[in-house]
Amino acid sequence: MHVCMIVPNEAVKGGIASVVNGYRGSVLEEHYRITYIESYQNGSKWSKLAKALKAYFAFFRLLRRDAPDLVHVHSSFGPSFYRKMPFILWSAARGIPVVNHIHGAEFDSFYENASEVKRRRIKKIYGKCTRLVALSAEWADRLEQMVPRDRIDVLENYCRIPEMPSDARRDRKQILFLGELGERKGCFDIPVILEQVKKHCSGVKLVMAGDGEMERIKGVFLEKGLSEEVSFPGWVRGREKERLLKESSIFLFPSYNEGMPMALLEAMAYGLGIVTTSVGGIPQLIQDGVSGFLATPGDTEALATAIERLLTDDACLMACGRAAREKAESEYSLERHLAKLEAVYERACVTGKFREGKS
């Protein structure tokens, strides 16, 4: 079967590119003939526009010369939705099944708080898709506002399982954050959390790995006199990210809105002590008090207390890290994810044939 996958450039920062990059060179390419069309890249608005236009021309040529049996669109909310509309509409017009893999987390501002006109437009486009893919059961329930539940599949993100890092390499008091530096990820709560932790635990270090509103966040740490305890290595990939995951003991992720965060899955795979919030698909990953600690977004006191527990109780830290890794290994491996994705493809093709009256 020929699958056309609409993807971001490999170098793009964020969860969608991380997910798709794991598909490249995997067994998925052995089971299907995949054509990747990149519709987004980093850069200026003009370079992004040029990339999108180039993708539209490439897709149109593919439809004429070597039409795929299925189109797999990776999308988010906001601009990503509108950028993917032509791929969905052109495919649907030709009777090609469309799998829309939705990675976004800002559903409230995109749909629930949108005007009635915008809601109708969104429902119309999503209605053209054969299957919608949600990152968690909670997000599937929310997407049900737009399409029937029987057309939504839950496909959790995945992580690669490394060899278990040696505890001897870990900095017992190093806390790690990975991701976009901004309000949605709870980054402006982190200075408050660190300030509270320092009152009871000395020698704590924090690594804020990512980019975004870096200077603004640095300013908050400076105001609180915490600049010496925090480092900002920027967006990390590959060996640098692996090094930080191996060297840190605690992963702090105080997000306000999530689907199924890749960074959290990676931290679980490396056996870190997890302190995070109960949003999106996160409660599906972390059992509070067993494989990490959960708090309500914005509850800096609860998040700080959880970090203090892990910093002062070695047995708790080791038990939580071990349980988180076991969860990642048993339920969120790449192999398991790809098997579920192939099942989605098969359902989409059967549904597509049924719609066309071919079955």
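Residues numbered from 1 in each chain as written. Predicted model: local features only at pLDDT ≥ 70, side-chain atom pairs only at ≥ 80, totals over all residues. Heavy atoms only, no water.

Peer 1: Account for helix α3 (residues 45–65), with residues named and values stated.
Peer 2: If you check α3, its first and last C-alpha atoms are 30 Å apart, about what 21 residues at 1.5 Å a residue would give, namely 30 Å. Listed as buried for α3 are K51, A52, A55, Y56, F59, L62 and L63. Buried residues in α3, looked at end-on, bunch into an arc of 140°, giving them a common side. For α3, the exposed residues lying more than 90 degrees away from the buried face are W46, K54, F57, R64 and R65. Along its buried surface, α3 packs onto β1 (2–8), β2 (33–40), β3 (70–75) and α4 (79–93). (Helix = DSSP H or I, 4+ residues; strand = E, 2+ residues; numbered from the N terminus. Expected span 1.5 Å × (residues − 1). Buried < 20%, exposed > 50% of the residue type's maximum accessible area, 1.4 Å probe, protein only. Arc of directions from axis to C-beta. Contact = heavy atoms within 4.5 Å.)

Peer 1: Help me get a handle on the pattern of salt bridges, residues and values and all.
Peer 2: This structure, assessed with the given rule, holds 23 salt bridges. The salt bridge partner of D153 is R131, with a shortest N-O separation of 2.8 Å. Within this pair, whereas D153 is found in strand β6 (residues 152–154), its partner R131 is found in strand β5 (residues 131–134), the two being separated by 22 residues in sequence. A single burial state applies to D153 and to R131, both of which are buried. The residue E247 makes a salt bridge to R243 at a minimum N-O spacing of 2.8 Å. (Salt bridge = Lys/Arg side-chain N within 4 Å of Asp/Glu carboxyl O.)

Peer 1: How would you explain the sheet that holds strand β10 (residues 250–253) if you had to name every residue and give the values?
Peer 2: Taken together, the six strands give an open sheet; going across it, the order is β9-β8-β7-β10-β11-β12, and neighbouring strands pair in parallel fashion. Either end of the sheet is taken by a strand with one partner, and the two such strands are β9 (230–231) and β12 (293–295). Where strand β8 (residues 205–209) meets β9, two bridges bridge the pair, whose relative direction is parallel. The partner of L206 across the bridge, within β9, is V230. Along the sheet, helix α13 (residues 300–312) contacts β7 (174–178), β10, β11 (273–277) and β12; its crossing angle with β11, the most-contacted strand, is approximately 175°. (Pairing = 2+ DSSP bridges. Axes fitted to C-alpha atoms, helices over the stretch in contact; angles between N-to-C directions.)

Peer 1: Summarise the nonpolar core; cite the residues concerned and give the values.
Peer 2: Formed by 62 residues in total, the largest nonpolar core has its most connected members in M208, F221, F251, M268 and I307. Setting aside anything within four residues of it in sequence, one finds M268 in contact with I274, L285, I286, A324, R325, K327 and A328. Membership of the second largest hydrophobic core comes to 35 residues, among which are L63, M85, I102 and F110. (Core = buried A, V, L, I, M, F, W, Y, C linked by side-chain atoms within 4.5 Å.)

Peer 1: Which residues make up the packing of aromatic side chains, and what values do they have?
Peer 2: Under the definition given, this model contains 15 aromatic pairs. On the basis of an interplanar angle of 85° and a centroid distance of 5.0 Å, the ring pair of F81 and Y82 is categorised as edge-to-face. With a relative accessible area of 2%, F81 lands in the buried category. Take Y82: its relative accessible area is 33%, and that puts it in the partly exposed class. Aromatic rings pair up to connect F77, F81, Y82, F110, Y126 and W139 into one cluster. We note R142 situated over the ring of W139; from NZ or CZ to the ring centre the distance is 4.8 Å. Residue placement shows R216 over the ring face of F188; its charged tip is 4.2 Å from the ring centre. (Phe/Tyr/Trp six-rings, centres within 6.5 Å; stacked < 30°, edge-to-face > 60°. Lys NZ or Arg CZ within 6 Å of the ring centre and 35° of its normal.)

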